[in-house]
Amino acid sequence: MTTSRFLFTSESVSEGHPDKICDQISDAILDAFLTQDPAARVACETTVTTGMVLICGEISSNTYVDIPEVARRTIEEIGYVGDRSGGFDARTCAVLTSIDEQSSDIASGVDEAQEVRQKTGEELDKIGAGDQGIMFGFACDETPDLMPLPIDAAHHLVRKLAAVRKNGQLNYLRPDSKSQVTIEYVDGRPSRIDTVVISTQHDPEIDGVSDKEGLLSRIAADVRKCVIDPVFAELPIKPDAKTRYFINPSGRFVIGGPQGDAGLTGRKIIVDTYGGYSRHGGGAFSGKDPTKVDRSAAYAARYVAKNIVAAGLANQCEIQISYAIGVARPVSVNVHTFGTGKVSEDELADFVINHFDLRPAAIIQNFDLCGLPGKRNGRFYQNLAAYGHIGRTDLDVPWEKLDRVDDLKAAFAGKATLSV
């Protein structure tokens, strides 16, 4: 029997990456509105560049939010402030805003779904999808949180980089960084760590060392000891003698963040989800209130897929959901298990359609995506805007819960060999 081998790579970026700064600002603004007005409609885009932040979009709300202040606070929390800001400073950058109200045409379609007018008066049918589109959710049994190992490992690395920067362990690091992890698969299962890539912004001098070779040698040693080794000690697959490491392979990395590259909301959608291991519908998450199914339905699809895998009905599961603007119920639901399913995909799809409520209003209600005034601490969405929206078992997010596993096992108990 021939052994199948392939390499798969995923990347992640830190909270200080220019695109991620934008995602966090957009979601911080969303949080600020929803905290006071759960009915707010928000579609907020941010771009950053040298010395400037531009925030634009459509927002309809009965409350006031000091948008420039939210942006500056978010940038400061990330670490771009003071002498070590690298040229982009929360206190001195310009913050420009260009905000309009949500289109009345879109609002009418969202508030009253087509099928309400035609068929039913059910309350949850009164919110239609905020746009047409397709969304994917995915889960697999490669890691304890049922995520693909490459993106899971990549996220852990940049989160650890941020932690050692903020706690002072490696206080010469600056906020902008990226990671990339290549996993070797044998017969479809993770086998070994092939390559680890980390690029991290840093001070121009470290303990008096400023020459290029000395800086790179120090950074490489510190990152191996304080970041890479601790991260992989907690993951199911460990590096081996053949694992390759590239730490700051381009050399010196002092100029970073918006001073080095422009950033834009929604430009890291693969980082936000499954690292390319699963398909993606193309819609970004950050800055969008949950009536936008790009966001809420992608969370719901992850919830469905994760519960199916956790129930032992498949080793891998991908859910596709599609919507029409203004229509509450999905146009289509598709289940794909890549040959790992214990029951047929048709049976799984029928169960999902009949037992998971995927109307936008139901998703919002079941996941409490809008919250109640005063209930949230104002950081629900901002906390998701870096290090992935999916697989976040470090946060109490409802789409990561496994509260439908028993239902799925009971429904297919006589038809599948369950992993229990």
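Let me begin by describing the structure that accompanies this report.

Criteria and thresholds
- Residues numbered from 1 in each chain as written.
- Predicted model: local features only at pLDDT ≥ 70, side-chain atom pairs only at ≥ 80, totals over all residues.
- Heavy atoms only, no water.
- Helix = DSSP H or I, 4+ residues; strand = E, 2+ residues; numbered from the N terminus.
- Expected span 1.5 Å × (residues − 1).
- Buried < 20%, exposed > 50% of the residue type's maximum accessible area, 1.4 Å probe, protein only.
- Pairing = 2+ DSSP bridges.
- Axes fitted to C-alpha atoms, helices over the stretch in contact; angles between N-to-C directions.
- Contact = heavy atoms within 4.5 Å.
- Disulfide = S-S within 2.5 Å.
- Polar contact = N/O pair within 3.5 Å; in protein donor to acceptor, adjacent residues only side chain to side chain.
- Parallel < 35°, antiparallel > 145°, perpendicular 65-115°, else oblique.
- Left-handed = near helix turned anticlockwise from the far one by under 90°.
- Nonpolar A, V, L, I, M, F, W, Y, C, P; charged D, E, K, R; others polar.
- Salt bridge = Lys/Arg side-chain N within 4 Å of Asp/Glu carboxyl O.
- Core = buried A, V, L, I, M, F, W, Y, C linked by side-chain atoms within 4.5 Å.

### Some words on helix α9 (residues 293-310)
Under the 1.5 Å per step criterion, the end-to-end length of α9 is 24 Å for 18 residues, consistent within 8% with the ideal 26 Å. Across the 18 residues that make up α9, a large majority, 17, are buried. Following α9 by one or two positions, Gly 312 adopts a phi angle in the positive range, close to 80 degrees.

### A few points about the sheet that holds strand β10 (residues 316-323)
The strand order across the open sheet built from three strands is β5-β10-β11, with neighbouring strands paired in antiparallel fashion. Each edge of the open sheet is held by one strand with a lone partner, namely β5 (133-140) and β11 (332-336). Averaged over all pairs of adjacent strands, the angle between their axes in this sheet comes to 15 degrees, without regard to strand direction. Bridging between β5 and β10 involves eight bridges; their strand directions are antiparallel. Its bridge partner being in β10, Phe 138 is matched across the sheet by Glu 318. Against the sheet, α9 engages β5 and β10, with an angle of about 30 degrees to β5.

### Some words on the state of the cysteines
Inspection of every chain in the model, using the stated rule, returns zero disulfides. Cysteine Cys 93 remains unbridged, with the sulfur of Cys 22 as its closest cysteine sulfur at 11 Å. The buried category is assigned to Cys 93, whose relative accessible area is 3%. Residue Cys 140 stays outside any disulfide, its sulfur separated by 11 Å from that of Cys 317, the closest cysteine.

### Some details on the side chain of Arg 295
Mapped onto the elements of the fold, Arg 295 is located in helix α9. Look at Arg 295 and you get buried, because its relative accessible area is 0%. A distance of 2.9 Å separates a polar atom in the side chain of Arg 295 from a polar atom in the side chain of Asp 27. Within the structure, Arg 295 has its side chain in polar contact with the backbone oxygen of Lys 288 (distance 3.1 Å).

### A few points about the packing of α9 against helix α11 (residues 360-367)
Packing of α9 against α11 brings their axes to within 10 Å, and their N-to-C directions diverge by 65 degrees. The orientation of α9 with respect to α11, classified from their angle, is roughly perpendicular. Pair α9 / α11 crosses with left-handed handedness. Residues Val 293, Ser 296, Ala 297, Tyr 299, Ala 300 and Tyr 303 of α9 touch α11, and the partners they reach there are Pro 360, Ile 363 and Phe 367. For the contact of α9 with α11, the per-class residue count stands at eight nonpolar, one polar and no charged.

### Regarding the pattern of salt bridges
If the charged atoms of two oppositely charged side chains come close together, the side chains can form a pair. Counted according to the given criterion, the structure contains 30 salt bridges. The residue Arg 165 makes a salt bridge to Glu 15 at a minimum N-O spacing of 3.8 Å. Taken together, the residues Arg 165 in helix α5 (residues 149-166) and Glu 15 in the loop between β1 (5-13) and α1 (18-36) connect sequence positions 150 residues apart. Between Lys 288 and Asp 294 there is a salt bridge; the shortest N-O distance is 2.8 Å. Its relative accessible area of 15% is what places Lys 288 among the buried residues. Taken together, the salt bridges that share partners define one network made up of Arg 5, Glu 184, Arg 192, Asp 194, Asp 240 and Arg 244.

### Quick word on the nonpolar core
In this structure, Ile 308 and Trp 399 are the most contacted members of the largest nonpolar core, which totals 110 residues. Among the elements that line this core, the one with the most residues is α9, at 11 residues. With residues up to four places along the chain from it excluded, the contact list for Ile 308 reads Leu 313, Ala 314, Cys 317, Ile 319, Leu 348, Val 352 and Leu 408.

### Structural notes on the environment of Pro 175
With respect to the helices and strands, Pro 175 occurs in strand β6 (residues 173-186). Once the C-alpha coordinates of Pro 175 and Asp 100 are considered, the two residues, 75 residues apart in sequence, prove to be 32 Å apart. Once you skip the residues sitting within four places of it in the chain, Pro 175 turns out to touch Ser 14, Gly 16, His 17, Ile 78, Gly 79, Tyr 80, Arg 165 and Gln 201.

### So, unusual backbone geometry
Of note in this structure, Asp 207 is not a glycine but carries a positive phi near 50 degrees. Take Asp 207: it is sitting in the loop between β7 (189-202) and α6 (212-233). In the Ramachandran plot, Tyr 387 falls in the positive-phi region, its phi being about 75 degrees despite a non-glycine side chain. Tracing the backbone shows Tyr 387 in the loop between α11 and α12 (405-411).

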